[in-house]
Amino acid sequence: GAVVSQHPSRVICKSGTSVKIECRSLDFQATTMFWYRQFPKKSLMLMATSNEGSKATYEQGVEKDKFLINHASLTLSTLTVTSAHPEDSSFYICSARPDDSYTDTQYFGPGTRLTVL
Amino acid sequence: SQQGEEDPQALSIQEGENATMNCSYKTSINNLQWYRQNSGRGLVHLILIRSNEREKHSGRLRVTLDTSKKSSSLLITASRAADTASYFCATDEGKGNNRLAFGKGNQVVVIP
């Protein structure tokens, strides 16, 4: 089955530093990937749509200079949280839709828990 | 903005009982999907129902969709302790970009 991985699974950093999170589709190609964040006991909030070979599309209210997205290949998208602050602490989840899929199913990564001290 | 919205009540049931969750949404959709999330983990896709479908089954799962009422239900039959999780519905408006809008989620606890 389609597998999506994320790295790292957990990261703790100091305020002001930048953190990069990787999202990989392991056995399929995905032109489009999505990044979400989730607060405790809350639902997922779509942050941006990552497009291979072009700029990401950000949702309203999400700072593109704060959350840098790079989709360098058909199997890898990265989210960089720049100058992280404690309020950026959250669970970040990516998803990917296989390019050759006949359905609209997205496959989700296991998530990355970011804690900013 | 979040479009899919589940009833906010948490559900606690005995093993073997059926669990039913509801989801309502606000816009027209291409499809509606249900996901499960175990605590602190990623999401697992359970089932997708298209806007022209009214009911769909997958194992112990049964999903209904009423587009006139903009609502969906997820039924888990003969629940097991392993079904303890949060369940989310997500809607795809069908604008060609596959963006999903997630609802708040329902916490289901199955007591052994």
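Residues numbered from 1 in each chain as written. Chains lettered and ligands numbered in written order. Predicted model: local features only at pLDDT ≥ 70, side-chain atom pairs only at ≥ 80, totals over all residues. Heavy atoms only, no water.

Some details on the interface of chain B and chain A
Between chain B and chain A, the contact holds 22 residues from the first and 22 residues from the second. Contact with chain A buries area across many residues of chain B, yet Leu43(B), Asn98(B) and Arg99(B) alone supply 30% of it, more than any other trio. Across the contact surface, chain B and chain A share 1 salt bridge. Across the chain B-chain A interface, the total number found is 5 residue pairs in polar contact (both at pLDDT 80 or more). Mapped onto the side of chain B that touches chain A, the elements with two or more residues apiece are strand 4 (31-37), strand 5 (43-50), strand 9 (85-92) and strand 10 (100-102) of chain B. Broken down by class, the residue content of the side of chain B that touches chain A amounts to 6 nonpolar, 11 polar and 5 charged. (Contact = heavy atoms within 4.5 Å. Buried area = accessible area lost by both parts, 1.4 Å probe. Salt bridge = Lys/Arg side-chain N within 4 Å of Asp/Glu carboxyl O. Polar contact = N/O pair within 3.5 Å; in protein donor to acceptor, adjacent residues only side chain to side chain. Helix = DSSP H or I, 4+ residues; strand = E, 2+ residues; numbered from the N terminus. Nonpolar A, V, L, I, M, F, W, Y, C, P; charged D, E, K, R; others polar.)

Details of the sheet that holds strand 7 (residues 67-73) of chain A
All names here are of chain A. Taking strand neighbours across the sheet as the criterion, the 4 strands line up as 1-3-8-7 in an open arrangement whose pairing is antiparallel. Because the sheet does not close on itself, it has two edges, and the strands there are strand 1 (4-7) and strand 7. Neighbour-to-neighbour, the strand axes of the sheet open up by a mean angle of 15 degrees, direction not taken into account. (Pairing = 2+ DSSP bridges. Axes fitted to C-alpha atoms, helices over the stretch in contact; angles between N-to-C directions.)

Structural notes on the pairing of strand 5 (residues 44-51) of chain A
All names here are of chain A. In terms of burial, strand 5 is a largely internal element, 7 of the 8 residues being buried. Bridge analysis of strand 4 (residues 32-38) against strand 5 gives 7 bridges, and the strand direction is antiparallel. If you follow Tyr36 over to strand 5, its bridge partner there is Leu46. Taking the residues between adjacent antiparallel strands as the criterion, strand 4 and strand 5 are bridged by 5 residues, where Lys41 takes a positive phi near 60 degrees. Where strand 5 meets strand 6 (residues 57-58), 2 bridges bridge the pair, whose relative direction is antiparallel. Note on strand 6: the bridge partner recorded for Ala48 is Tyr58. The turn joining strand 5 and strand 6, which pair antiparallel and follow one another in sequence, is formed by 5 residues; a positive phi near 85 degrees is taken by Gly53. (Buried < 20%, exposed > 50% of the residue type's maximum accessible area, 1.4 Å probe, protein only.)

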